[in-house]
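Listed below, chain by chain, are the residues.
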Amino acid sequence: MSTHAAWVQPQLAAQVLRTRRDGHSEIALRVEGLHNAQQVLRLEQLIHGLPGVQRVAIDAPAKRVRVVWDRQHTSLPVLLEAFTGARCRAQPLRHDSIDDARSRESHDALKRLLVAGMFAMQVMTYAFVIYIGVVDFVDFTTRGLFRWLSLLSTVPVVFYSAKPFYVGALRELRRHQLGINLSVTLAVLLVFLASTINTLRGSGDIYFDSVSMFVFLLLAARYVELRARHRSGALGDAVIDAAPLLAERRHADGSLETVAAIELVAGDHVHIAEGTTVPADGVLESAMAEVDEALLSGESLHVQRQRGERLIAGSMLLVGPAELLVEHTGEATAAARLSALSTRTRKARMVSAPGGEREVGRFIGRVLLLTALTALGWMLVDPARAFEAAVAVLVVACPCSFALTRPATLTRALGVLAGHGVLVTDSSALATLARVDYALFDKTGTLSVPQLATAAIEPLRGDDPDDVLQLAAALAHESSHPLARALASTARQRGLPQRAQAVEVSAGAGISGEVDGRPLRLGRADFALAPSGHMVSASLSNALLLADQNGPIAAFHLDEQPRKDARRTLDALRADGIALVIASGDSKSRVAALAARLDIHDAYGRQSPTDKLQRLQAARQRDHVTLAVGDGSNDAPVLAGADVSAALGSGTELAQAHADLLLLDGGLDGLVQARSIARQVALVVAQSRRWSLVYNLCAVPFAALGFVPPWLAAIGMSLSSLAVVLNALRVGRDSVSEPTAKQREMRV
């Protein structure tokens with residue numbers, strides 16, 4: 001428990017704990033090891049079993065856990081030790097990370113949706129009785145009862161469920177804009193008002209069923225988009241979470257003091273233990289250190305740093321310990337500045353993006369003008385019929401089907417793409433993706449992956465290469481690291497099944513376990529050779545090593561190869577008229593070699609995040625519609641700055657947070673599928689809106705002349721909306737192939 005003993009200090013605990021009104025403490029933790037549902041369930045049961053624990057909330061995609069408990073029964077170090085015992089190392093986060101905003105927004109949206117759905121179904125039942133009265137006899141008392149029941153059931157929908165539309169309408173009015181929220185607000189309130197007046201006076205038609213169902217369908221579409229946006233937002237906390245809260249500061253007399261990382265200042269000397277996270281940007285004072293900078297670069301290979309070179313906050317020290325001279329802390333670190341640059345770039349893109357609701361605004365203006373002209377005309381001819389005729393025009397021309405067109409089509413598109421392993425975090429990106437003509441790709445991890453060739457297997461005891469590969473793959477199957485996945489994939493291709501027991505994964509070091517009762521280690525050379533005490537030779541320092549208690553068994557030298565689907569995807573995009581560019585931080589020779597294999601003529605090496613962003617912005621200034629694809633945190637600025645962006649599911653959380661599309665299965669095929677779906681969405685939306693306009697042009701004149709009774713107008717509006725929803729179901733039927741077995745498994 002000594003590793004967590006520092007959290008007993010009140011000044012350190014105050015950084016991460018929040019005291020609730022009931023006296024209990026609350027903490028947010030970043031937890032590693034949440035790889036599957038069984039692991040999440042076991043962890044939740046274990047933490048719930050601790051004395052004083054009131055609540056455990058686990059967000060596996062964001063790697064966050066929130067715990068509410070009584071510290072008098074279980075101390076903070078004991079709580080953290082429980083996570084460690086469950087093989088889910090937990091890092092406390094600052095108390096300002098205990099943010100319920102996303103959770104509250106999601107719960108609020110779900111409650112409004114459920115209320116609207118429940119009452120909409122009830123109102124439809126009442127409406128059925130009323131509609132029977134039009135063609136069959138239903139006494140006036142019964143009809144009046146069901147009219148009042150419809151009114152009472154619609155009140156929660158109009159005044160509770162539809163509230164977000166009213167708030168949005170007020171924002172649009174302040175900006176002097178006619179948008180979708182204003183159109184929905186006017187349609188809901190005016191039709192509800194007209195129906196209420198007719199209910200109170202006991203005559204005239206009512207439209208409560210149309211209003212309720214309209215609100216429910218729009219809320220359902222918005223909830224789907226909200227969930228995708230929250231998933232992306234949760235991933236965006238990666239850089240903040242990765243920075244440690246504690247650091248060991250070395251005093252002039254050589255003693256060490258555990259302090260809060262935010263207390264570090266430039267000029268401090270810090271001791272970093274092996275296997276821990278670098279707390280600040282600084283200069284390495286030790287002779288050598290090996291670090292994992294995957295959080296920032298997305299690179300799967302480890303990096304060796306020499307004395308005088310800089311270490312980056314958030315990277316993990318693999319070989320140490322190390323001494324660091326602090327240069328930058330907190331928001332001044334490279335990782336934090338990169339995240340801030342990405343956020344600013346994304347906001348600038350959103351501000352400069354053209355408004356997509358101009359058509360809706362023009363449509364609303366015309367509807368209101370037609371309604372006003374109809375009322376004015378009948379006031380001059382027959383004032384008694386003015387109200388009924390104006391309501392009929394408003395209902396017939398109500399932008400229900402027009403407003404439903406985009407949400408219904410996008411909801412269908414999001415579902416289809418999710419089934420093919422593509423998560424859309426910004427639904428507006430689909431419209432842009434259909435117009436892309438310039439694509440910029442990162443290289444390492446995006447277009448290329450580690451791969452093991454037959455000649456790269458080096459048995460060190462004269463064993464058969466397949467035998468040592470089978471042993472190593474048994475351990476590699478238990479890890480999600482790119483190098484382990486490459487080794488396991490090679491073994492599967494050769495049909496070499498094997499199972500390991502008692503497997504333990506050491507972050508950044510390797511994997512240990514037993515194969516047929518034989519203890520083995522696979523990973524970094526110093527990790528694999530630790531039980532045997534053998535020294536690491538220079539020829540094996542960069543290899544993936546398999547060893548037992550007697551020493552090394554085999555070395556695996558992995559190389560970089562194009563993704564299997566990279567050439568196919570790039571050829572499809574090139575044939576679709578998209579200019580392809582590679583921009584990578586890797587050496588120019590390695591970038592040129594991969595570009596030649598993929599037949600890309602525009603490739604650039606040694607590109608910093610700023611260089612990539614400037615290259616993309618130059619393309620935008622030449623009126624290109626840009627797409628950026630990457631997987632590392634250093635790709636975040638260019639992902640945020642592109643018109644539309646995509647990140648691989650195997651990439652860093654920061655890259656995923658600033659991407660519009662997430663390719664969850666780790667492949668590039670989803671890009672072609674997403675572009676095909678995006679074009680279908682544009683086509684279907686245009687068709688549905690044309691249908692809405694044609695319907696209005698045909699029906700409005702009859703309604704304005706008094707030939708369309710309001711009940712028939714309500715039915716017409718419902719049928720128009722139904723036609724829009726049915727047309728949206730056409731998205732994804734033809735051009736996209738069936739999901740693969742892997743994609744179906746991921747969806748489940």
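Because the structure is predicted, anything quoted here is derived from the model rather than measured. (Residues numbered from 1 in each chain as written. Predicted model: local features only at pLDDT ≥ 70, side-chain atom pairs only at ≥ 80, totals over all residues. Heavy atoms only, no water.)

Our focus in this paragraph is the packing of helix H6 (residues 163-174) against helix H7 (residues 180-201). Interaxial distance between H6 and H7 falls to 7 Å at its minimum, and their mutual angle equals 125°. With respect to H7, the element H6 is oriented oblique. Pair H6 / H7 crosses with left-handed handedness. Between H6 and H7, the contacting residues are Pro164, Phe165, Tyr166, Gly168, Ala169, Glu172 and Leu173 on the first element and Ile180, Asn181, Leu182, Val184, Thr185, Val188 and Leu189 on the second. (Axes fitted to C-alpha atoms, helices over the stretch in contact; angles between N-to-C directions. Helix = DSSP H or I, 4+ residues; strand = E, 2+ residues; numbered from the N terminus. Parallel < 35°, antiparallel > 145°, perpendicular 65-115°, else oblique. Left-handed = near helix turned anticlockwise from the far one by under 90°. Contact = heavy atoms within 4.5 Å.)

Below, the discussion takes up a nonpolar patch on the surface. Together, Leu369, Leu373, Leu376, Leu380 and Val381 make up an exposed nonpolar region whose accessible area comes to about 560 Å². Secondary-structure assignment places Leu376 in helix H12 (residues 358-381). (Patch = residues over 30% accessible without salt bridge, like charges linked within 9 Å, V, L, I, M, F, W, Y side chains within 5 Å. Areas by Shrake-Rupley, 256 points an atom, 1.4 Å probe, with all protein chains shown as cover. Salt bridge = Lys/Arg side-chain N within 4 Å of Asp/Glu carboxyl O.)

Turning our eyes to something else, we now look at the sheet that holds strand E27 (residues 661-663). Pairing is mixed in the open sheet, where 7 strands are placed in the order E15-E27-E26-E25-E16-E23-E24. The two strands at the open ends of the sheet, each matched to only one other strand, are strand E15 (422-424) and strand E24 (603-604). Two strands pair when backbone bridges link them, and strand E23 (residues 579-583) and E24 are joined in this way by 2 bridges, in the parallel orientation. Bridging across to E24, Ala583 finds its partner in Tyr604. (Pairing = 2+ DSSP bridges.)

Our next topic: the pairing of strand E21 (residues 544-548). Burial analysis of E21 places 5 of its 5 residues in the buried class, the great majority of the element. Going residue by residue along E21, you find Leu544, Leu546 and Asp548 tucked away on one face and Leu545 and Ala547 tucked away on the opposite face as well. Here strand E20 (residues 518-523) runs beside E21; their pairing, made up of 3 bridges, is antiparallel. Paired with Gly523 across the bridge in E21 is Leu545. Bridge count for E21 against strand E22 (residues 551-562) is 5 bridges, and the pairing is antiparallel. Bridging across to E22, Leu544 finds its partner in Phe556. Between the end of E21 and the start of E22, which pair antiparallel, lie 2 residues. (Buried < 20%, exposed > 50% of the residue type's maximum accessible area, 1.4 Å probe, protein only.)

This paragraph deals with the sheet that holds strand E13 (residues 316-319). Spatially, E11-E10-E13 is the arrangement adopted by the 3 strands of the open sheet, whose pairing is antiparallel. Sheet topology places strand E11 (303-306) and E13 at the edges, where each strand pairs with a single neighbour. With strand direction ignored, the average angle separating the axes of adjacent strands in the sheet is 40°.

Put simply, helix H2 (residues 37-48) and helix H3 (residues 76-85) touch, their axes get as near as 10 Å, and they point 150° apart. Considering the angle they form, H2 stands roughly antiparallel to H3. Here H2 runs over H3; the crossing is right-handed. Contacts between H2 and H3 involve Leu43, Leu46 and Ile47 from the former and Leu79, Ala82 and Phe83 from the latter.

A grouping of Arg171, Arg174, Arg175 and Arg222 is seen on the molecular surface, where their side chains present a positively charged patch. With respect to the helices and strands, the residue Arg175 is situated in the loop between H6 and H7. (Lys, Arg positive; Asp, Glu negative; His and termini not counted. Charge placed at Lys NZ, Arg CZ, Asp CG, Glu CD.)

The next point concerns the side chain of Asp631. Inspection of the secondary structure puts Asp631 in the loop between strand E25 (626-630) and helix H22 (636-641). Arg563 provides the closest opposite charge to the buried, salt-bridge-free Asp631, at an N-O distance of 5.8 Å. At 3.3 Å, the side chain of Asp631 and the side chain of Thr446 are in polar contact. (Polar contact = N/O pair within 3.5 Å; in protein donor to acceptor, adjacent residues only side chain to side chain.)

Attention now moves to the nonpolar core. Residues Phe441, Leu447, Leu580, Val629, Leu668 and Leu671 are the most contacted members of the largest nonpolar core, which totals 43 residues. In this view, Leu447 contacts Phe441, Asp442, Gln561, Pro562, Arg563, Ala566, Leu570, Ile582, Leu594, Leu598 and Leu668; residues no more than four positions away in its chain are not counted. Counting 31 residues, the second-largest nonpolar core is a separate cluster that includes Val123, Val157, Phe165 and Leu226. (Core = buried A, V, L, I, M, F, W, Y, C linked by side-chain atoms within 4.5 Å.)

Moving on, we come to unusual backbone geometry. Its identity as a non-glycine residue notwithstanding, Asp599 has a phi of 60°, on the positive side. If you trace the backbone, Asp599 turns up in the loop between helix H20 (588-597) and E24. Positive phi values are uncommon outside glycine, yet Asp623 reaches one of about 70°. Given the relative accessible area of 67%, Asp623 is considered exposed.

A word on the pattern of salt bridges. Using the criterion set out here, one finds 19 salt bridges in the structure. Between Lys612 and Asp442 there is a salt bridge, with the nearest N and O atoms lying 3.4 Å from each other. Taken together, the residues span a long stretch of sequence, with Lys612 in helix H21 (residues 609-621) and Asp442 in the loop between strand E16 (438-441) and strand E17 (448-459) at a distance of 170 residues. The buried category is assigned to Lys612, whose relative accessible area is 1%. For Asp442, a relative accessible area of 5% gives the class buried. If you follow the salt bridges from partner to partner, you end up with Arg18, Arg20, Asp22, Glu26 and Arg66 in one network.

Quick look at the confidence of the model for the protein now. Detailed reading of the predicted model is not advised wherever pLDDT is low. Averaged over the protein, the pLDDT score is 77; the fraction of residues at 70 or greater is 79%. Across the protein, the element-wise mean pLDDT spans from 40 in helix H26 (residues 741-747) up to 93 in E16. The model gives residues 348-356 a pLDDT under 50, and that stretch makes 10 contacts with residues more than four places away or in other chains. pLDDT under 50 marks residues 736-748. Its contacts with residues more than four places away, or in other chains, come to 20 contacts. (pLDDT = per-residue confidence, 0-100.)

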